[in-house]
Amino acid sequence: MQTFYGTLHGHGHPDGPMSVAVQFDGGRIRMWSDRRRLGSWDLADVRIRRESIFRFALIAGGVEYRFSPDDPSGFAQSVDVEIDLTAEERPRFGLAQRIRQIEAT
């Protein structure tokens, strides 16, 4: 069982960002804030992609959330996602461009 803490931004949440815990346990993903349960889904039904170095998109139950974990590296390793540094779009801090410059020399 792994639990990650961070900030959740969800569509349609007028209260704005909230502090949450995201837990992976036995093929399930659970989210809660304080004592309020936000959801529990089968991990196979949840799509997770990395949007930046610090933020992930979680699509669960037809709702898309933006999760910024306190430990982005640990979270990425637990869900096995990576940033695509070959994308033409400029990622945060220009990391892809710096890597291309190094490879060219």
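Residues numbered from 1 in each chain as written. Predicted model: local features only at pLDDT ≥ 70, side-chain atom pairs only at ≥ 80, totals over all residues. Heavy atoms only, no water.

What am I meant to see in the side chain of Ser68 here?
Among the structural elements, Ser68 can be located in strand 7 (residues 63-69). Using a relative accessible area of 18% as the deciding quantity, one classes Ser68 as buried. What Ser68 contacts, discounting residues up to four positions off in sequence, is Gly6, Thr7, His9, Phe54 and Arg55. (Helix = DSSP H or I, 4+ residues; strand = E, 2+ residues; numbered from the N terminus. Buried < 20%, exposed > 50% of the residue type's maximum accessible area, 1.4 Å probe, protein only. Contact = heavy atoms within 4.5 Å.)

What should I look at first to understand the environment of Ile29 in this one?
Here Ile29 shows up in strand 3 (residues 28-33). In the structure, Ile29 is positioned eleven residues away from Ser40 in sequence and 5.7 Å away in space, judged by C-alpha atoms. Setting aside residues up to four positions removed in sequence, Ile29 forms contacts with Val22, Gln23, Phe24, Gly39, Ser40, Trp41, Leu43, Val46, Ile48 and Leu58.

Looking at this structure, I do not really get the pairing of strand 3. What am I missing?
Remember that side chains alternate between the two faces of the sheet whenever the strand is regular. Burial of strand 3 is one-sided: the residues Ile29, Met31 and Ser33 facing one way are buried, the residues Arg28, Arg30 and Trp32 facing the other way are not. Summarising the sheet, strand 2 (residues 18-25) and strand 3 pair through five bridges and their orientation is antiparallel. Residue pairing in the sheet places Asp25 in a bridge with Arg28 of strand 3. Where strand 3 meets strand 4 (residues 36-42), six bridges bridge the pair, whose relative direction is antiparallel. The residue bridging Ser33 from the neighbouring strand is Arg36, located in strand 4. Turn length for the strand 3-strand 4 hairpin, with the two strands adjacent in sequence and antiparallel, is two residues, and the turn residue Asp34 shows positive phi of about 55°. (Pairing = 2+ DSSP bridges.)

So, to be careful, I would describe these as geometric facts and stop short of saying anything about function.
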